Every structure is written in structure tokens, then in C-alpha cells.
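# Observations on the three-dimensional arrangement
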Amino acid sequence: MPLYECVLIARSDVTPQQVEGLADQMAAVIGEGGGSVGKKEYWGLRNLAYRIKKNRKGHYLLMNIDAPPPALTEMERQLRLNEDILRFLTVRVEALEEGQSAIMTRGGREERGERSGRFGDRGPRPPRGDRPDRGDRPDRGDRGDRPARETTGD
């Protein structure tokens, strides 16, 4: 049977237990269709990149699915009908990941040493050296491709 990963985003006003219940319902739909759900991983309440149906946050959930295509089609139909689901994405994969996903294994920004702040922690700036001031820039002034301006001394 084909292997799939499905990530769904539920509304922020449902509880994590209700999200788990939704995952159990979808696993039951897959089971009725002759497939199985290998892993259900709750990623928590996270900020959305943009507002979806007036929601700024959503509960994310990952499911690893081993099912025939008709069972997956039925699950997606159920997800489309459910008002608590904001978005879902199902992708066919060659092999299912064992253990935790990359979202769960990565730590906070401080732990990874990733850039922080608007421009990041780039360290001290190198010296400017012989950089001219803005008024003395050689690229300012006439480029030679325009006729000279005539000025009147009124």
C-alpha cells in the first residue's frame, strides 16, 4: 500500500484533546478503508503565517498513514467537511520516518544558536577602512551622459 504523511491544522479554540479525538476519527476512517495510521504526532498550538478563517493560531497534527487511495480520499472528504479543520495537506512519501519528526526534535532558537533579532547576531562589524563619507562618494555628480545644465545668475 502507498505511504502518506498528512499534516492538519485545527482551529485554535478547540482543545488538544479534541484535536486528538479528530485524529482518532480520521484513523478510524482509514481503518475502515483497509489502511492504518502508524504515528500521530501533536505539534501544539502554533502561530500561522497568515490569518485563515479569522484564526491567527492553530493546532498542528502529523499523521503517518499506510492506506489505499480510496481510504485516503474518504479521509480527505471528512477533513473538508469538518469545520474545526482549517487546512490539511497529504503527501505521498517513499518511506515513513521513524521516531520524532524534525519539528519535534529541533529545540528553541537559543539552543540551536540560530540568529536572533531583526538582523541576527552577526558579530562585530569589520572596520570601514578607507570608505569615503557620503558627500565625497565618487559616484555622485555628473556621469557625463547628460548635457550640462545652464544656470542663470538672476
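Quick caveat: nothing in here was measured; it's all calculated off a predicted structure.

## Here's the deal with helix α2 (residues 69-81)
Between the first and last C-alpha of α2 there are 19 Å, a value that for 13 residues agrees with the 18 Å anticipated at 1.5 Å per step. Looking only at α2, the buried set comprises Ala71, Leu72, Met75, Glu76 and Leu79. With its buried residues spanning 135° around the axis, α2 presents them on a single face. In α2, the exposed residues that point more than 90 degrees away from the buried face are Pro70, Thr73, Arg80 and Leu81. Where the residues of α2 are buried, they touch β1 (3-11), α1 (16-32), β3 (55-66) and β4 (85-93).

## Comments concerning the packing of aromatic side chains
The geometry of an aromatic ring pair is captured by the separation of the ring centres together with the interplanar angle, meaning the angle of the planes. Counting across every chain of the model gives one aromatic pair. On the numbers, 6.4 Å between centres and 20° between planes, the contact of Trp43 with Tyr60 is stacked. Placement of the pair is Trp43 in strand β2 (residues 36-52) and Tyr60 in strand β3, with a sequence separation of 17 residues. Taken as a pair, Trp43 and Tyr60 share a single burial class, namely buried. Residue placement shows Arg46 over the ring face of Tyr60; its charged tip is 5.9 Å from the ring centre.

## Looking at the pairing of β2
Taken together, the 11 bridges between β2 and β3 define a ladder with antiparallel strand orientation. Directly across from Asn47, in β3, lies its bridge partner Lys57. Hairpin connection of β2 to β3: two residues between the antiparallel strands, including Lys53 at a positive phi of 50°.

## Regarding the sheet that holds β3
Ordered in space as β2-β3-β1-β4, the four strands form an open sheet in which the pairing is antiparallel. The open sheet has two free edges, formed respectively by β2 and β4, since each of these has just one partner strand. Going across the sheet, the axis of each strand differs from the next one's by a mean of 20°, ignoring polarity. α1 rests against β1, β2, β3 and β4 of the sheet, and its axis sits at about 130° to β2. Together, β1, β3 and β4 form the strand contacts of α2, whose direction differs from that of β4 by roughly 165°.

What counts, and where the lines are drawn
- Residues numbered from 1 in each chain as written.
- Predicted model: local features only at pLDDT ≥ 70, side-chain atom pairs only at ≥ 80, totals over all residues.
- Heavy atoms only, no water.
- Helix = DSSP H or I, 4+ residues; strand = E, 2+ residues; numbered from the N terminus.
- Expected span 1.5 Å × (residues − 1).
- Buried < 20%, exposed > 50% of the residue type's maximum accessible area, 1.4 Å probe, protein only.
- Arc of directions from axis to C-beta.
- Contact = heavy atoms within 4.5 Å.
- Phe/Tyr/Trp six-rings, centres within 6.5 Å; stacked < 30°, edge-to-face > 60°.
- Lys NZ or Arg CZ within 6 Å of the ring centre and 35° of its normal.
- Pairing = 2+ DSSP bridges.
- Axes fitted to C-alpha atoms, helices over the stretch in contact; angles between N-to-C directions.

Geometric values such as these leave the question of function open.
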